[in-house]
Amino acid sequence: MWDDETRYAVIRGKDARYDGQFFTAVRTTGIYCRPSCPARTPARANVSFFPSAAAAQRAGYRSCRRCFPDDAPGSPRWKVGEDVASRAVRLIDDGVVEREGVAGLARRLGYTERHVSRVLVDELGASPQALAIAHRLHHARTLLETTALPVADVAFAAGFGSVRQFNDAARAAWALTPSEVRRRAGGPATAGPTTLELRLRHRAPAAVDRALAFVGVRAVEGVETWDGATYGRTMRLPHGPGTVALEAVEGHVRARLALADVRDLGAAVARCRRLLDLDADPAAVDEALAASSLLAPLVAAVPGLRVPGAVDPFEMVVRAIVGQQVSVAGARRTLGTMVERFGEAASVPEAAGRVFPSPEVLADVDPETGLVPQARWRAISAAARAMIDGSLDLSPGADRAEARRALLAIPGIGPWTAEYVALRALGDPDAFPAGDLVLQKAAGLDGRALAEQAEAWRPWRAYAAMHLWTAVTEGRIS
């Protein structure tokens, strides 16, 4: 799909839809940019292309001071792919290298460090450590420009081991010191030691308001809140609990985070991006689905529709099991009672609520609690034990096919539940619960016919499902 001449045509057109999918570097200036950079288009002979910001930095190029390419949304290719490089990038975005090192990344992927490094250099032009540094710099720039945190706190919050390490990386990547970046931004927004307000960027078009409404109407009391515009919730993060409030505004999503430990910033941002599918490629999705006579009017009505994800994969498994053959309202009531009984208090300053019960808490709950039928409690407990012992992996870098097999091996989890979990928790863009009655009625087809019809919608069947669900919810399909 992408050759260098096509890429050059994109940068001549300043097309922001492709920001983050590749980066352009100019040999005569030593600077790399995003495709939509407003600067004069350089001569073709002087331009090189890189698959990642880390690769451009590794080649000695500095970040452009006009378009800030390291602040672009992540490439959809690495967010949705099934290959080792894609799985590795999702884990790096979740902060695995900061917490567990490259050895931990390789262990989660099931390969040696040497093999993972070789794959990433071949595919993205950068090593795991270089990609992790680019990831840290991305978060550091956001903190410098939008918060009042001291530079030293920014360094540790972004995952650097020392202020000197942060300063060296900043000068190499930006040709600016962290303090100079902050001054150029015109002054930080309000912030406290644990409360941060950030801008989460995305590609246009972006129907983020629909994604917020989808999760909002399913909000569970004690864990989530929804007022029709702002969605809030608690999160279980690697170093402690946190809360977030998300609101769609022009050009980005406003996120207000309260963290027990500022080191969890990267993980919290990655979870929020997955929750609202902010790294999607709306141009590719809409173009593919608009070719269907059934979906074309739905795509035209809501361009840029996103597939809501999950901040906690185990929570999504429980929600899917509880939601089997019951209404949304009924599932919310049951889950709210579950949170009240088994959820832990989220001890975060300036925030209140409970975090959703962990697998360790629900692994051995008596099935005679009366909250749900005993068969469903046994399924929840079995899923919890599978996640604890590692036989069920739903992490960002999980093998999705293996995760489906592990889910279906649990008594009480069938194809609908497995596909719904793949759609929400794994972020699989091709997940499709063909057995869903609402989807069948919306399409006017039975399960077998719908599954056959959906073959033409690959690899974006999850987005097709969201278009059908949304059209029913909004009354555009009876």
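For the structure given in this document, a descriptive report is provided here.

What counts and what doesn't
Residues numbered from 1 in each chain as written. Predicted model: local features only at pLDDT ≥ 70, side-chain atom pairs only at ≥ 80, totals over all residues. Heavy atoms only, no water. Axes fitted to C-alpha atoms, helices over the stretch in contact; angles between N-to-C directions. Helix = DSSP H or I, 4+ residues; strand = E, 2+ residues; numbered from the N terminus. Left-handed = near helix turned anticlockwise from the far one by under 90°. Contact = heavy atoms within 4.5 Å. Nonpolar A, V, L, I, M, F, W, Y, C, P; charged D, E, K, R; others polar. Pairing = 2+ DSSP bridges. Buried < 20%, exposed > 50% of the residue type's maximum accessible area, 1.4 Å probe, protein only. Phe/Tyr/Trp six-rings, centres within 6.5 Å; stacked < 30°, edge-to-face > 60°. Lys NZ or Arg CZ within 6 Å of the ring centre and 35° of its normal. 1 Å grid on protein atoms, 1.4 Å probe; cavity = no way out; pocket = protein on both sides within 12 Å on 5 of 7 lines; lining within 4 Å. Points joined across faces, edges and corners; volume = space filled by probe spheres on them. Core = buried A, V, L, I, M, F, W, Y, C linked by side-chain atoms within 4.5 Å.

1. Considerations on the packing of helix α19 (residues 400–408) against helix α20 (residues 415–424)
Packed helices, taken two at a time, are described by their axes: the angle between them and the distance between them. Between α19 and α20, the shortest axis-to-axis distance is 9 Å and the interhelical angle comes to 145°. Every pair of crossing elements has a handedness; the one defined by α19 and α20 is right-handed. Contact residues: α19 offers Arg 404, Leu 407 and Leu 408, while α20 offers Pro 415, Ala 418, Glu 419, Val 421 and Ala 422. Residue composition of the contact of α19 with α20, by class: 6 nonpolar, no polar and 2 charged.

2. Points about the sheet that holds strand β2 (residues 31–33)
If you walk across this open sheet you meet the 4 strands as β3-β1-β2-β4, and the pairing is mixed. Both edges of this open sheet fall to β3 (47–50) and β4 (62–63), since each of them pairs with a single strand only.

3. Brief notes about the environment of Arg 17
Mapped onto the elements of the fold, Arg 17 is located in the loop between α1 (4–12) and β1 (23–26). In this structure Arg 17 comes out as partly exposed when scored by relative accessible area, which is 35%. C-alpha separation for the pair Arg 17 and Arg 203, spaced 186 residues apart in sequence, amounts to 5.7 Å. Each residue touching Arg 17, except ones within four places of it in the same chain, is listed here: Arg 203, Ala 204 and Ala 283.

4. Looking at the packing of aromatic side chains
As enumerated under the stated definition, the model contains 10 aromatic pairs in all. Between Phe 22 and Phe 49, the ring centres sit 5.8 Å apart and the planes meet at 75°, which makes this aromatic pair edge-to-face. Residue Phe 22 is found in the loop between α1 and β1, and its partner Phe 49 is found in strand β3; the two are separated by 27 residues along the sequence. When its relative accessible area of 2% is taken as the criterion, Phe 22 is described as buried. Residue Phe 49 is classed as buried on the basis of its relative accessible area of 15%. An angle of 35° between the planes, with centres 5.1 Å apart, marks the rings of Phe 160 and Phe 166 as tilted. Neither residue differs from the other here; Phe 160 and Phe 166 are each classed as buried. Each member of the aromatic cluster is reached from another via a ring pair, and the members are Phe 214, Trp 416, Tyr 420 and Trp 469. Lying over the aromatic face of Phe 160, Arg 136 brings its terminal NZ or CZ to 5.8 Å of the ring centre. Seen from the ring of Phe 214, Arg 218 lies directly overhead, with NZ or CZ sitting 3.7 Å from the centre.

5. Overview of empty space enclosed by the protein
As enumerated under the stated definition, the model contains 4 cavities of 30 Å³ or more in all. What lines the largest cavity is a set of 13 residues, and nearest its centre among them are His 138, Thr 142, Arg 199, Leu 200 and Arg 273. At the level of secondary structure, the elements contributing two or more residues to the lining of the largest cavity comprise α7 (128–146), β5 (195–201) and α12 (265–276). Ranked by residue count, the leading element in the lining of the largest cavity is β5, at 4 residues. For the lining of the largest cavity, the per-class residue count stands at 6 nonpolar, 3 polar and 4 charged. There is about 80 Å³ of room inside the second largest cavity.

6. Re the pairing of β1
Alternating positions in β1 separate into two faces, Phe 23 and Ala 25 on one and Thr 24 and Val 26 on the other, with burial throughout. Alignment of β1 against β3, held across 4 bridges, turns out to be antiparallel. Across the sheet, Val 26 pairs through a bridge with Val 47, a residue of β3. When β1 meets β2, the two strands line up antiparallel, connected through 3 bridges. Within β2, the position partnered with Val 26 by the bridge is Ile 31. The hairpin formed by β1 and β2 contains 4 residues between the paired strands, and Gly 30 there has a positive phi angle of roughly 75°.

7. Some thoughts on the nonpolar core
Phe 166, Trp 174, Leu 246, Leu 257 and Met 338 are the most contacted members of the largest nonpolar core, which totals 114 residues. Of all the elements, helix α23 (residues 461–473) adds the most residues to this core, at 8 residues. When sequence neighbours within four positions are dropped, the list of residues in contact with Met 338 reads Val 318, Val 322, Gly 343, Phe 356, Pro 357, Leu 362, Leu 371, Trp 377 and Ile 380.

8. Some words on the sheet that holds β5
The 5 strands are arranged β5-β9-β8-β7-β6 in an open sheet whose pairing can be described as antiparallel. Each edge of the sheet is formed by a strand with only one pairing partner; in this case those strands are β5 and β6 (224–226). Neighbour to neighbour, the strand axes of the sheet diverge by 20° on average, direction disregarded. Strand direction decides the pairing type here: strand β8 (residues 240–249) and strand β9 (residues 252–259), joined by 8 bridges, are antiparallel. Paired with Val 244 across the strands is Leu 257, a residue of β9. Seen against the sheet, α12 touches β5, β7 (230–237), β8 and β9 and runs at an angle of roughly 130° to β7.

Take it as geometry only, folks, not as evidence of what the structure does.
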